[in-house]
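Residues per chain, in single letters:
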Amino acid sequence: MLNRHARGFFTALFSPLARWLLKIGVSPDAITIVGTAGVVVGALVFYPMGQLWWGTLFITAFIFSDVLDGIMARLQERGGRWGNFLDSTLDRVADGALFAGLAIWYFTGGADRAIAIAAVVCLVLGMVVSYARAKAEALGFQANVGIAERAERLVSVLVVTGFTGIGLPSVVLLATLILLAAASLVTIVQRIATVYRQSLEEPNGTASQQPA
């Protein structure tokens, strides 16, 4: 939902910066890599230190690279498979670092095992959400459905984590992670059901099973 409704706004907002970066010779791939590195540093340095507010601000400063590199690629008319592969792969790295950083803090200094476990569950289910779509598309199906796509997952966890760092009760973060895990699980089921329905429309009536 956020992907659909926010794309026009952020395209207009970041297009001047995208044009300037291209003008000075910066590539979309470089923005993708730098943005991912910034998210990883914020998540795995600030969060394990308990700096949830400053870590979130640091991550937010880099998270929009995921929008910026896409705008740059479109301006260059370079929306090829390599850029898509790199962007998708590094998105998984960034997402993993985000939830791992939370889990590390709450398993250690944060001393809240429930939040730590919920963060690990969100990490695993989030990866499965992404894998389900990628595998479906690799097999020729479409699985771009679900209530918990990447934008929703990132916005919810970053906003609540940041405010937890400045006094929001930690139970709110726990509730958010539990709801996010539940939404991710529903999304996985939705994508499996969607692909299954498409498989029934094939000539042989079912999709052949292949190893992952």
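Coordinates for the structure precede this section.
These figures come from a predicted structure and were not determined experimentally.

A. Main features of the overall build of the protein chain. Looking only at helices and strands, one finds 8 helices and 0 strands in the protein chain. Start at the N end of the protein chain and walk to the C end: the helices and strands fall as α-α-α-α-α-α-α-α. Its C-alpha atoms give the protein chain a radius of gyration of 18 Å, near enough to 17 Å, the size a compact globule of 212 residues would have. In terms of its C-alpha atoms, the protein chain occupies a principal-axis envelope of roughly 55 × 45 × 30 Å. Going through the 212 residues of the protein chain one by one, you find that 38% of them count as buried. Put simply, of all contacts in the protein chain between residues at least 6 apart along the chain, 76% involve residues at least 24 apart.

B. Expanded view of the packing of helix 2 (residues 28-46) against helix 3 (residues 52-63). Interhelical geometry of helix 2 versus helix 3 gives an angle of 170° and a closest axis separation of 8 Å. Judged by the inter-axis angle, helix 2 sits roughly antiparallel to helix 3. Contacts between helix 2 and helix 3 involve Val 34, Gly 35, Gly 38, Val 39, Val 41, Gly 42, Ala 43 and Phe 46 from the first element and Trp 54, Gly 55, Phe 58, Ile 59, Phe 62 and Ile 63 from the second. When its residues are assigned to classes, the contact of helix 2 with helix 3 shows 10 nonpolar, 4 polar and no charged.

C. Spatial organisation of the packing of aromatic side chains. This model, assessed by the stated rule, comprises 6 aromatic pairs. Both rings, one in Trp 53 and one in Phe 163, keep their centres 6.0 Å apart while their planes meet at 50°; by these two values the pair is tilted. With Trp 53 in helix 3 and Phe 163 in helix 7 (residues 150-164), the pair connects residues that are 110 residues apart, well separated along the chain. By relative accessible area, Trp 53 is classed as partly exposed at 26%. Exposure remark for Phe 163: the relative accessible area of 43% places this residue in the partly exposed category. Ring plane angle 40° and centroid distance 5.1 Å describe the contact between Phe 58 and Phe 62, whose orientation is recorded as tilted.

D. Region of the structure containing the pattern of salt bridges. The final tally for this structure, using the stated rule, is 3 salt bridges. The partner of Arg 153 in a salt bridge is Asp 95, with the nearest N and O atoms 3.9 Å apart. With Arg 153 in helix 7 and Asp 95 in helix 5 (residues 81-107), the pair connects residues that are 58 residues apart, well separated along the chain. Residue Asp 95 is classed as buried on the basis of its relative accessible area of 7%. Two residues, Arg 133 and Glu 137, come together in a salt bridge whose shortest N-O distance is 3.1 Å.

E. Geometry of the nonpolar core. Residues Tyr 47, Ile 59, Leu 98, Leu 102, Tyr 106, Val 157 and Leu 177 are the most contacted members of the largest nonpolar core, which totals 30 residues. For this core, the secondary-structure elements that each account for two or more residues are helix 2, helix 3, helix 5, helix 6 (113-138), helix 7 and helix 8 (170-200). Among the elements that line this core, the one with the most residues is helix 5, at 8 residues. Core analysis: the next-biggest nonpolar cluster, separate from the first, contains 8 residues, Leu 22, Leu 68, Ile 71 and Met 72 among them.

F. Looking closely at the side chain of Asp 69. Position of Asp 69 among the secondary structure elements: in helix 4 (residues 65-75). Within the buried set, Asp 69 has no salt-bridge partner at all; the shortest N-O distance to an opposite charge, 7.4 Å, is to Arg 74.

Scoring rules and cut-offs
Residues numbered from 1 in each chain as written. Predicted model: local features only at pLDDT ≥ 70, side-chain atom pairs only at ≥ 80, totals over all residues. Heavy atoms only, no water. Helix = DSSP H or I, 4+ residues; strand = E, 2+ residues; numbered from the N terminus. Rg over C-alpha atoms; globule rule 2.2 N^0.38 Å. Buried < 20%, exposed > 50% of the residue type's maximum accessible area, 1.4 Å probe, protein only. Contact = heavy atoms within 4.5 Å. Axes fitted to C-alpha atoms, helices over the stretch in contact; angles between N-to-C directions. Parallel < 35°, antiparallel > 145°, perpendicular 65-115°, else oblique. Nonpolar A, V, L, I, M, F, W, Y, C, P; charged D, E, K, R; others polar. Phe/Tyr/Trp six-rings, centres within 6.5 Å; stacked < 30°, edge-to-face > 60°. Salt bridge = Lys/Arg side-chain N within 4 Å of Asp/Glu carboxyl O. Core = buried A, V, L, I, M, F, W, Y, C linked by side-chain atoms within 4.5 Å. Lys, Arg positive; Asp, Glu negative; His and termini not counted.

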